[in-house]
Protein chains: 2
Amino acid sequence: MKPNADRFLTDLHELRRFGATGKGVVRPAYSDADIAAREWLAGKMAAAGLTPHFDEVGNLFGLAEEPSLLLGSHSDSQPEGGWLDGAYGVISALEVARTSIEQGGPAISVVSFQDEEGRFGVTTGSSVWSGGLSLADADKLMDNDRITFAKARSEMAHLVTGPMVPASKFTGFIEAHIEQGPVLDQSGESIGVVSGIVGIRDMRVILKGQQNHAGTTPMHMRKDAVQGLMRISHRVAEDLRNVVTPLSVWTIGHVSVHPNAASIVPGRVTFSMQWRDGDLPRLDRMERVIRQAIETTASDLGLTVEFGPMLGLDPVAMDSILRGRLAAAASIETPDQWRDMPSGALHDATNVARTLPVAMLFVPSIGGISHDFTEDTAEADLIAGLRVLARAAAGDSAI
Amino acid sequence: MKPNADRFLTDLHELRRFGATGKGVVRPAYSDADIAAREWLAGKMAAAGLTPHFDEVGNLFGLAEEPSLLLGSHSDSQPEGGWLDGAYGVISALEVARTSIEQGGPAISVVSFQDEEGRFGVTTGSSVWSGGLSLADADKLMDNDRITFAKARSEMAHLVTGPMVPASKFTGFIEAHIEQGPVLDQSGESIGVVSGIVGIRDMRVILKGQQNHAGTTPMHMRKDAVQGLMRISHRVAEDLRNVVTPLSVWTIGHVSVHPNAASIVPGRVTFSMQWRDGDLPRLDRMERVIRQAIETTASDLGLTVEFGPMLGLDPVAMDSILRGRLAAAASIETPDQWRDMPSGALHDATNVARTLPVAMLFVPSIGGISHDFTEDTAEADLIAGLRVLARAAAGDSAI
């Protein structure tokens, strides 16, 4: 099945114009630009021979006859978005579906999920579609300006075609996406066949010492919460050494010090501790090690520690058949220029995996950059990904 | 010279009522409560036989005939102030001056400096009085609500008696103050004879790494500015080991992370580095070690570092004669219950030392607490300090 690279690039650049500013793409979920882009997409789907379908939360499907393989991603962007994040997976899906119809290939449907970028929830549209979040609960979510999800989706109410499309219409889901990390860029390879979506654990920790005058309190009498955090960070890194692999990650991204004044020994620090790994038992082992390191260090220093609720998502396995088709396609289209790799980030595929076999394919992010106006991927890699997706979607059919 | 402890305590508790709330003392510089308290003080000074004098910034002197020994402190408080911080030194000075007049002792003047707590500057009133800050520059200072010093002091303009009192009217300055630290409280002693006011160095440091996705960026590819700060803190502590004494202090009190989100590897951290020591060469050695530790660690980790301007005050020596008189007085009034110790905090004495010989005397802070509504000192210690101050002020006169 040979997709049309020029037609694909034309569509990709046309989608880029929706919400384009002098600096980059601004196309948040339910904005005028987002709705206009979806209307444009629906037209493209219809022209390709698919049946457009908007559900109640604004997910847009281009349906083939059933049962079909579903391809796609999301077309809403970050507030200061990259032009490829999500858009790449939607337009490559459209081109593959169109090619399949033209060249007598298998039935392929297309989807652009809504609010993947989390203006309201986290991968909201696919979360509701896959049953991870009820519509009633989703409707109460608010964005940073306190607009409700219910209000926002009402802007698209005139486009709703019908109820949620049942997952039973599809045999599986493949999402093509930019890597949003530095691995392929560093290695010089073109394609990543995703081995799994890593699991995530995230918790807030409150460390309390004793606020004091930074001039009159001798060092040995201090209970400095910032020093406590320093020791915890060191201890966590040491203790995780025998537990992690080079692919495991952990991050202290948020730090909030009280009272945060140069002349006052900090009495309290709140920080985030987040870790990710593709293996569930390892994720749990990391949790035990991290909690222990925090508690022991705090106790050694005479500080108190309070753990907030731990949020998390378990690792999501890719379907071995779909993943195998992507690997086979990559070895033909981009021999020696591809690798198996985990996805460190969440995607709509995370949610869809609740109801369907899923697989994902990555193309490189130049400089590892994403969620930034300067996000980009070399054209040759965009086309390589399209070809791998098309070949994998064709599957056993001799196209 | 025997001061009247009951009269002293009565005055101290009466001053406490100015700006008293249900929780504690709220008497910031130039507030109605502060101005009312100073008017009351002026009345007390006059009744004691001193001549009240308000200068242009609101410092209040109770002048004896010249030349006189000056005793005092400040009567403005922190926004959530302790009742003794500053007030103790003013009322003990008043009682000693009054006693000296009654009992034929030497000439003693009293002062309550204005804005020691830094609503506008840092020890602003004594800074202007001693020539450390010009009135023109002081007038441009603003408080947190952007009210200028010029505007605030105009609230007291009707009280101004005349120009700045020249330092030549005084032979020296002794300030009695609460320790605001835990040393005397821990040791169970009643009196601290201050050996010197430590010097301070303070600078902001900006550490820059690379902001990145916390899920997709492998650990070995990160330039995490928070991890950089952790390593710097560790390195500074190690490297200072051979340079400091148990009385040296250093503090990272302010930390500001960007973008400060749990899922983003921090690309930038701004932090304060402050250190204090009573020995000027050691203060400079600490600076070299600290800068080196920061630069080396940043370089090892591939981070960039930017040093902000370094602010500082050099150590201030106490006058050996006045200090000797305090020590002699303490060994008589509180034998085996006193010690020599540095002042880790700034006081008005820091500024007055520019123009006069100075000495300071500490009484304990219960729990080491200050700048807090719960600040307190045992009555017996307040009285012990008063007696030591009186005996030291009497000096060679056989009173």
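Residues numbered from 1 in each chain as written. Chains lettered and ligands numbered in written order. Predicted model: local features only at pLDDT ≥ 70, side-chain atom pairs only at ≥ 80, totals over all residues. Heavy atoms only, no water.

**Remarks on helix α3 (residues 87-102) of chain B**
All names here are of chain B.
At step 1: Taking 1.5 Å of rise per residue, the 16 residues of α3 would be expected to cover 22 Å, and the 23 Å separating its terminal C-alpha atoms lies within 8% of that figure.
At step 2: Among the 16 residues in α3, 14 count as buried, and that is most of the element.
At step 3: Directly beyond the C-terminal end of α3, a positive phi value near 70° is found at Gly 104. (Helix = DSSP H or I, 4+ residues; strand = E, 2+ residues; numbered from the N terminus. Expected span 1.5 Å × (residues − 1). Buried < 20%, exposed > 50% of the residue type's maximum accessible area, 1.4 Å probe, protein only.)

**So, the confidence of the model for chain A**
At step 1: Averaged over chain A, the pLDDT score is 95; the fraction of residues at 70 or greater is 99%.
At step 2: Interface predicted TM-score (ipTM) for the complex: 0.88; the corresponding pTM is 0.87. (pLDDT = per-residue confidence, 0-100.)

**A short note on empty space enclosed by the protein**
At step 1: For the structure on display, the rule yields two cavities of 30 Å³ or more.
At step 2: Each pocket or cavity is described by its volume, and for the largest cavity that value is around 40 Å³.
At step 3: Lining the largest cavity are A:Val226, A:Leu229, A:Met230, A:Val255, B:Val226, B:Leu229, B:Met230, B:Val255 and B:Val257.
At step 4: Only α8 (225-240) of chain A together with α8 (225-240) and β10 (255-258) of chain B provide two or more residues apiece to the lining of the largest cavity.
At step 5: Within this model, the second largest cavity holds a volume of roughly 30 Å³.
At step 6: Taken together, A:Gln227, B:Ser233, B:Val236, B:Trp250, B:Thr251, B:Ile252 and B:Met273 make up the full set of residues lining the second largest cavity.
At step 7: Mapped onto the lining of the second largest cavity, the elements with two or more residues apiece are α8 and β9 (249-251) of chain B.
At step 8: Taken together, the residues that form the lining of the second largest cavity break down as four nonpolar, three polar and no charged. (1 Å grid on protein atoms, 1.4 Å probe; cavity = no way out; pocket = protein on both sides within 12 Å on 5 of 7 lines; lining within 4 Å. Points joined across faces, edges and corners; volume = space filled by probe spheres on them. Nonpolar A, V, L, I, M, F, W, Y, C, P; charged D, E, K, R; others polar.)

**Notes on the packing of aromatic side chains**
What characterises a pair of aromatic rings is the spacing of the ring centres plus the angle enclosed by the ring planes.
At step 1: Summed over all chains, the structure comprises 22 aromatic pairs over all chains.
At step 2: Geometrically, the ring pair formed by B:Tyr30 and B:Phe120 is edge-to-face, given 6.0 Å between the ring centres and 70° between the ring planes. Of this pair, B:Tyr30 sits in the loop between α1 (5-16) and α2 (32-48) while B:Phe120 sits in the loop between β4 (108-113) and α4 (124-129), and the two are 90 residues apart along the sequence.
At step 3: What makes B:Phe120 buried here is its relative accessible area of 6%.
At step 4: Here B:Phe120 and B:Phe149 contribute two aromatic rings whose centre-to-centre distance is 5.4 Å and whose plane-to-plane angle is 75°, an arrangement assigned as edge-to-face. Here the residue B:Phe120 occupies a position in the loop between β4 and α4, and B:Phe149 occupies one in helix α6 (residues 149-154), the gap between them amounting to 29 residues. The pair B:Phe120 / B:Phe149 is uniform in exposure class, with both members buried.
At step 5: Among the aromatic residues, those joined into a ring-pair cluster are A:Phe61, A:Phe113, A:Trp129, A:Phe170 and A:Phe173.
At step 6: Its end group placed over the ring of A:Phe307, A:Arg291 keeps NZ or CZ at 4.9 Å from the ring centre. (Phe/Tyr/Trp six-rings, centres within 6.5 Å; stacked < 30°, edge-to-face > 60°. Lys NZ or Arg CZ within 6 Å of the ring centre and 35° of its normal.)

**Details of the relation of the copies chain A and chain B**
At step 1: The transformation that overlays chain A on chain B combines an axial shift of 0.2 Å with a rotation of 180°, and the residual RMSD is 0.2 Å. Given the turn and translation reported, the copies of this chain are related as if by a two-fold rotation axis. Taking C-alpha positions as the reference, the residue of chain A nearest the rotation axis is A:Met230, at 2.5 Å.
At step 2: Same-surface contact between copies: 98% of interface residues of chain A are shared with the interface of chain B. (Least-squares fit on C-alpha atoms with pLDDT ≥ 70 in both. Contact = heavy atoms within 4.5 Å.)

**Regarding the interface of chain A and chain B**
At step 1: Facing the 44 residues of chain A at the interface are 44 residues of chain B.
At step 2: The contact between chain A and chain B buries some 3,600 Å² in all, and 57% of this surface belongs to carbon and sulfur atoms.
At step 3: On the surface where chain A and chain B come into contact, there are zero salt bridges.
At step 4: One can count 20 residue pairs in polar contact (both at pLDDT 80 or more) joining chain A with chain B. (Buried area = accessible area lost by both parts, 1.4 Å probe. Salt bridge = Lys/Arg side-chain N within 4 Å of Asp/Glu carboxyl O. Polar contact = N/O pair within 3.5 Å; in protein donor to acceptor, adjacent residues only side chain to side chain.)

**Description of the pattern of salt bridges**
At step 1: Taken as a whole, this structure holds 39 salt bridges over all chains when the rule is applied.
At step 2: Put simply, A:Lys208 and A:Glu306 hold a salt bridge, and the shortest N to O gap is 3.9 Å. With A:Lys208 in strand β7 (residues 199-208) and A:Glu306 in strand β13 (residues 304-313), the pair connects residues that are 98 residues apart, well separated along the chain.
At step 3: Across the salt bridge formed by B:Glu333 and B:Arg391, the nearest N and O atoms sit 2.9 Å from each other. A residue pair is termed long-range when its members are at least 10 positions apart, and B:Glu333 in helix α10 (residues 320-333) and B:Arg391 in helix α12 (residues 379-394) qualify at 58 residues.
At step 4: Classification of B:Arg391 as partly exposed rests on a relative accessible area of 30%.

**Brief notes about the UniProt feature "binding site: Zn(2+) 2" (unreviewed entry) in chain A**
All names here are of chain A.
At step 1: The positions that UniProt labels "binding site: Zn(2+) 2" (unreviewed entry) are, in the present scheme, Asp 85, Glu 117 and His 371. Taken along the chain, the residues just named run across 287 residues; in space they keep tight, none of their C-alpha pairs more than 9.7 Å apart.
At step 2: Mapping Asp 85 onto the fold places it in the loop between β3 (68-74) and α3 (87-102).
At step 3: Apart from the residues within four sequence positions on either side, Asp 85 is in contact with His 74, Asp 76, Glu 117, His 177, Ile 178, Gln 180, Ser 370, His 371 and Glu 375.
At step 4: Here His 371 lies in the loop between β16 (358-363) and α12 (379-394).
At step 5: We classify His 371 as partly exposed; its relative accessible area is 36%.
At step 6: Ignoring sequence-local partners within four residues, the contact set of His 371 consists of Gln 78, Glu 80, Asp 85, Glu 117 and Gln 180.
At step 7: Reaching out from His 371, the side chain makes a polar contact with the side chain of Asp 85 at a distance of 3.4 Å. (UniProt positions renumbered as here; feature names shortened; annotations may be inferred.)

**Details of helix α1 (residues 5-16) of chain A**
All names here are of chain A.
At step 1: Taking 1.5 Å of rise per residue, 12 residues should cover 16 Å, and α1 covers 17 Å from first to last C-alpha, within 8% of that figure.
At step 2: Within α1, burial applies to Ala 5, Phe 8, Leu 9, Asp 11, Leu 12 and Leu 15. Taken around the axis of α1, the buried residues stretch over an arc of 160°, which confines them to a single face.
At step 3: Taken together, the buried residues of α1 touch α2 (32-48), α3 and α12.
At step 4: A distance of 3.1 Å separates the backbone nitrogen of Asp 6 from a side-chain oxygen at the start of α1, and that oxygen is part of Asn 4. (Arc of directions from axis to C-beta.)

**Examining the domain arrangement of chain A**
Residue and element names in this part refer to chain A.
At step 1: One can read the domain layout of chain A as domain 1 (5-198 + 315-394) and domain 2 (199-313).
At step 2: Computed over C-alpha atoms only, the centres of domain 1 and domain 2 are separated by 36 Å.
At step 3: With seven residues of domain 1 at the contact, the number on the domain 2 side is 10 residues.
At step 4: When domain 1 packs against domain 2, close to 610 Å² is buried across both sides, 74% of that on carbon and sulfur atoms.
At step 5: Contact with domain 2 buries surface across domain 1, with Val 198, Pro 315 and Leu 346 losing the most and accounting together for 73% of the total.
At step 6: Inspection of the region where domain 1 meets domain 2 yields zero salt bridges.
At step 7: Applying the counting rule to domain 1 against domain 2 returns one residue pair in polar contact (both at pLDDT 80 or more).
At step 8: For the side of domain 1 that touches domain 2, the class distribution of residues is six nonpolar, one polar and no charged. (Domains from an automatic or database assignment.)

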